[in-house]
Amino acid sequence: MEKRVEECGDKVILLGKSPKELKALAVSWGMPAYTGSQLADWIYHKRATSFDLMSNISLKHREILSKRADVGLYAPIKEAISIDGTRKYLFEVGEGKFVETVLIPEGERNTLCISSQVGCKMNCYFCMTGKQGFRGNLTSAQILNQCLSLPIWEKVSNIVFMGMGEPMDNIDNVLQTIQLLTDPNTLAMSPKRITVSTVGINHGIQRFLEECQCHLAISLHNPIPYERANLMPAEKAMPINELIKLLQKYDFTKQRRITFEYIVFSGFNDTPTHLQALIKIARNFPSCRLNLIRYHKIPLVDLPETNDKQLQAFFNALVANAVNVTIRQSRGEDIDAACGMLSTKQLVEKRTSE
Ligand code: SF4
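So, how was this worked out
- Residues numbered from 1 in each chain as written.
- Predicted model: local features only at pLDDT ≥ 70, side-chain atom pairs only at ≥ 80, totals over all residues.
- Heavy atoms only, no water.
- Helix = DSSP H or I, 4+ residues; strand = E, 2+ residues; numbered from the N terminus.
- Rg over C-alpha atoms; globule rule 2.2 N^0.38 Å.
- Buried < 20%, exposed > 50% of the residue type's maximum accessible area, 1.4 Å probe, protein only.
- Contact = heavy atoms within 4.5 Å.
- Areas by Shrake-Rupley, 256 points an atom, 1.4 Å probe, with all protein chains shown as cover.
- Salt bridge = Lys/Arg side-chain N within 4 Å of Asp/Glu carboxyl O.
- Near = heavy atom within 4 Å.
- Nonpolar A, V, L, I, M, F, W, Y, C, P; charged D, E, K, R; others polar.
- Phe/Tyr/Trp six-rings, centres within 6.5 Å; stacked < 30°, edge-to-face > 60°.
- Lys NZ or Arg CZ within 6 Å of the ring centre and 35° of its normal.
- pLDDT = per-residue confidence, 0-100.
- Pairing = 2+ DSSP bridges.
- Axes fitted to C-alpha atoms, helices over the stretch in contact; angles between N-to-C directions.

(A) Quick peek at the overall build of the protein. Secondary structure assignment for the protein yields 13 helices and 14 strands. Taken over the C-alpha trace, the protein has a radius of gyration of 21 Å; the compact-globule value for 354 residues is 20 Å, and the two agree within 12%. Among the 354 residues that make up the protein, the fraction classed as buried is 56%. Residue pairs at least 24 apart in sequence account for 67% of intrachain contacts in the protein once pairs closer than 6 positions are excluded. Accessible area of the protein: about 15800 Å², with a carbon and sulfur share of 52%.

In structure tokens, the structure reads:
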């Protein structure tokens, strides 16, 4: 449909810059500092896609801006709508590079699931994105574009960094994005409405916990270290027991919440042994929540799906042991909403057409 994000030659992309950075750029291009504030207003509040729309900036200055910069807001190249209302968007972020964003409506709540990388280095066995390999970090402009370019942005109530990529492996750009999402001068979103998910990347998690107040979700999926390592190679670099020790240094009982994500595979991570190990982990964090997620088969992965009865039995056993647990409903199954499915399809289509 439109140009790719970041495909602007030598032009500076303004989306993703703070008001202070926009002021410094305006001054460096011979404009008054307040033009930086006007730019921030047009980009973050009015979501203007072109300098022509910025009517309170003089024509002369708009011409300079058009030569030097690009706003950086581009619409998705594809949109799919599920029968359950879930919407999936595909963005092109470079030659043959695609990322996915999913909007999940649930009553009053509209959660936007955004991507932080093209592909992923973590190679989790059950994930389609991991099978693409790593193809690059997204800039904060490319992350924010997944939010602000959507016509439905005004209705988004929550953001989760649970799309493609490992956010803590792109921590500079993720923190810059969070800063702009929560800054009262830009998007003014409460950090309580933002959750960042991770498999466990030590340096990234520490910076995240020290530099912002957003919620944290840990992709756990198996509490037994050697089994988790088979499923998630990241376990070898940061074992779950070390991760738990690190997390115990922080307070998750007040503003910030911790959640453990757990995809349930039949007979594979839902046995009594797994149950006991999970309970033990949960007891370290009295206010934590455990999210059980039903696994849906993806190509080339032979892990067994669970059924309603098994999932409910596992849930009941956790409840009986005072674990705060929920079953996350599957959404958008008819539109390839599982992470990495749509972009992989697009990649395959592009390669076979070449
Ligand atoms: S589950 Fe997340 S961390 Fe693991 S490969 Fe997929 S995108 Fe990467």
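(B) Molecular detail of the environment of Glu 333. Looking at the element boundaries, Glu 333 is found in the loop between strand S14 (325-328) and helix H13 (341-353). A residue is classified by how much of its surface remains accessible, and Glu 333, at 51% relative accessible area, is exposed. Considering only alpha carbons, one finds Glu 333 and Thr 86, 247 residues apart in sequence, at a separation of 9.1 Å.

(C) Spotlight on the pattern of salt bridges. Applying the stated criterion to the full structure yields eleven salt bridges. Close ionic contact of Glu 154 with Arg 47 constitutes a salt bridge, the shortest N to O distance being 3.3 Å. Here Glu 154, found in the loop between helix H5 (140-148) and strand S9 (158-161), pairs with Arg 47, found in the loop between helix H2 (34-45) and helix H3 (59-68); they are 107 residues apart in sequence, far enough to count as distant. Glu 154 sits in the exposed class, given a relative accessible area of 60%. With a shortest N-O distance of 2.9 Å, Glu 211 and Arg 207 are connected by a salt bridge. Taken together, the residues span about one helical turn, with Glu 211 and Arg 207 both in helix H7 (residues 202-211) at a distance of four residues. Here the residues in one salt-bridge network are Asp 172, Arg 207 and Glu 211, joined through shared partners.

(D) Representation of the site of the ligand. Surrounding the ligand, one finds Cys 120, Met 122, Asn 123, Cys 124, Cys 127, Gly 130, Gly 165 and Val 199. Each residue belonging to the shell around the ligand can be placed in one class, and the counts come to five nonpolar, three polar and no charged.

(E) Local environment of the packing of aromatic side chains. According to the stated counting rule, one finds six aromatic pairs in the structure shown. Three or more aromatic residues joined by ring pairs form one cluster here, namely Phe 126, Phe 265, Phe 268 and Tyr 295. Between the NZ or CZ atom of Lys 46 and the centre of the ring of Trp 42, over which it lies, the distance is 4.3 Å. Between Lys 121 and the ring centre of Phe 134, over which it is positioned, the NZ or CZ distance is 4.7 Å.

(F) Structural detail: the confidence of the model for the protein. Of all residues in the protein, 95% attain a pLDDT of 70 or more, and the chain-wide mean is 93. pLDDT under 50 marks residues 1-7. Its contacts with residues more than four places away, or in other chains, come to 22 contacts.

(G) View of the sheet that holds strand S4 (residues 87-94). If you walk across this open sheet you meet the ten strands as S3-S4-S5-S6-S9-S10-S11-S12-S13-S14, and the pairing is mixed. Here the strands that pair on one side only, and so sit at the sheet edges, are strand S3 (78-81) and S14. Sheet twist, expressed as the mean angle between neighbouring strand axes with direction ignored, is 20°. In the sheet, strand S13 (residues 289-294) pairs with S14 via four bridges, with the strands oriented parallel. If you follow Leu 290 over to S14, its bridge partner there is Val 325.

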